[in-house]
Amino acid sequence: MKAVINNTFQIDLSKPIDISLPLSNTDANPIAWYIEKPEIKPVKFGDWVGKVSEGSSTNFNNIFFNPHGHGTHTECLGHITKEFYSINQCLKQFFFTAELISIEPESIVDDLIITKFQIVSALGSKIPEAIVIRTLPNGTNKKHKNYSNTNPPYLAEDAAIFIRESGIKHLLIDLPSVDREEDEGRLLAHKAFWNVKNVDNLNTDARLDSTITEMIYVNDEIQDGGYILNIQIASFENDASPSKPVLYRIEY
């Protein structure tokens, strides 16, 4: 099923709503997947230091980070396939209709899970090109949290299937992963959303042009509803890139 857009929308480009988390080399940087905080350090050649405050004509930093574990990032199906696929090659359009929904994950056994019923109820009859999921409660600690070993909420496999079958191509969420932190490498929601049936031999109907964006943050004052989404990435030939998703309110 393919999302069809027949409407004309008006947006104000001077009023962007940035839902990304910045990357820094401080303890305030969010972290996932058992790694340390990013490093941003000036280049050193002997006595020369790439820092204006230390006598250089320019600031000239090296940056060491991991896109999956250090903040907002957008990934393609190359994240889970044996064959290499690049987010820079898979993401070719950058503006989409989007629906922002807020969901409080359900407590099931020892986990907090976003269910298919919750997604269906929140979307109703709407079929946007992108879905933006804000989980509740929506504490500001999400902007600085170390998610490692905390078993964060995640998306049920049938919820991911529903999103795929609805024709939604871009999934954004304020969690470090759409899958369970410890899932023995099954990655059920990733595979369901991208329709990847065999990671070693990719099926022809896998969704090469669909993306997952994780570790966003949507402030409470931003209301649920329809937006235009702009996904901005760096041109990395990698399965994922740090990204800046930006929402624009639709003015009918």
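Before reading on, note that the structure itself is shown above.
What you see is a predicted model, and the numbers here were worked out from it, not measured in a lab.

Criteria and thresholds
- Residues numbered from 1 in each chain as written.
- Predicted model: local features only at pLDDT ≥ 70, side-chain atom pairs only at ≥ 80, totals over all residues.
- Heavy atoms only, no water.
- Helix = DSSP H or I, 4+ residues; strand = E, 2+ residues; numbered from the N terminus.
- Rg over C-alpha atoms; globule rule 2.2 N^0.38 Å.
- Buried < 20%, exposed > 50% of the residue type's maximum accessible area, 1.4 Å probe, protein only.
- Areas by Shrake-Rupley, 256 points an atom, 1.4 Å probe, with all protein chains shown as cover.
- Phe/Tyr/Trp six-rings, centres within 6.5 Å; stacked < 30°, edge-to-face > 60°.
- Lys NZ or Arg CZ within 6 Å of the ring centre and 35° of its normal.
- Core = buried A, V, L, I, M, F, W, Y, C linked by side-chain atoms within 4.5 Å.
- Contact = heavy atoms within 4.5 Å.
- Arc of directions from axis to C-beta.
- Salt bridge = Lys/Arg side-chain N within 4 Å of Asp/Glu carboxyl O.
- Pairing = 2+ DSSP bridges.

Within the protein chain, the secondary structure is distributed over four helices and 15 strands. On C-alpha atoms alone, the protein chain measures out to a radius of gyration of 19 Å, which is about the 18 Å that the 2.2 N^0.38 rule sets for 252 residues. Each principal axis of the C-alpha distribution contributes one length, and for the protein chain these read about 65 × 45 × 35 Å. The 252 residues of the protein chain split such that 48% are buried. Summing over all exposed atoms, the protein chain offers an accessible surface of approximately 13100 Å²; the carbon and sulfur share of this is 50%.

As a further point, take helix α3 (residues 157-165). For α3, the complete set of buried residues consists of Ala-159, Ala-160, Phe-162, Ile-163 and Arg-164. One or two steps after α3, the chain reaches Gly-167, where phi turns positive at roughly 95°.

Taken as a whole and judged by the stated rule, the model has five aromatic pairs. Aromatic pair Phe-45 and Trp-48: ring centres 5.8 Å apart, planes at 20°, arrangement stacked. Three or more aromatic residues joined by ring pairs form one cluster here, namely Phe-45, Trp-48 and Phe-60. Seen from the ring of Phe-193, Arg-207 lies directly overhead, with NZ or CZ sitting 4.6 Å from the centre.

Counting residues in hydrophobic clusters, the biggest one holds 50 residues, and the most contacted among them are Ile-19, Ile-119, Ile-131, Val-132, Leu-155, Ile-163 and Leu-171. The residues touching Val-132, leaving out its near neighbours within four places in the chain, are Ile-19, Ala-98, Glu-99, Leu-100, Ile-101, Leu-172, Ile-216, Val-218 and Leu-247.

We now examine helix α2 (residues 116-123). One turn of an α-helix holds 3.6 residues; hence residues three or four places apart share an orientation. Considered for burial, the residues of α2 that qualify are Gln-118, Ile-119 and Leu-123. Take α2 and look down its axis: the buried residues cluster within an arc of 120°, on one side only. Here the buried face of α2 lies against β7 (95-103), β8 (106-108), β9 (111-114), β10 (130-135), β11 (154-155) and α3.

On to the pattern of salt bridges. The full count for this structure, using the stated rule, is eleven salt bridges. Lys-126 serves as the salt-bridge partner of Glu-99, at 2.9 Å between the closest nitrogen and oxygen. Residue Glu-99 is located in strand β7, and its partner Lys-126 is located in the loop between α2 and β10; the two are separated by 27 residues in the primary sequence. Using a relative accessible area of 7% as the deciding quantity, one classes Glu-99 as buried. In this structure, Arg-164 engages Glu-165 in a salt bridge whose closest nitrogen and oxygen atoms are separated by 3.7 Å.

With that out of the way, let us pick up unusual backbone geometry. Glycine aside, residues mostly have negative phi angles, and peptide bonds mostly take the trans form. Cis geometry marks the peptide bond from Leu-136 to Pro-137, where omega comes out at 0°. Relative to the assigned elements, Pro-137 resides in the loop between β10 and β11. Positive phi outside glycine occurs at Asn-149, with the angle close to 60°. Its place among the elements puts Asn-149 in the loop between β10 and β11. By relative accessible area, Asn-149 is classed as exposed at 63%. Although it is not a glycine, Met-215 sits at a positive phi angle of roughly 60°. Given the relative accessible area of 2%, Met-215 is considered buried.

With that out of the way, let us pick up the pairing of strand β14 (residues 225-233). In summary, the side chains of a regular strand alternate between the two faces of the sheet. Bridge count for β7 against β14 is six bridges, and the pairing is antiparallel. Within β14, the position partnered with Leu-100 by the bridge is Gly-225. Both β14 and strand β15 (residues 240-249) contribute to a ladder of seven bridges, which runs antiparallel. Opposite Gln-232, over in β15, you have Lys-244 as the bridge partner. Here β14 folds back onto β15 in antiparallel fashion, the turn holding six residues.

Any link to function would need more than the numbers given here.
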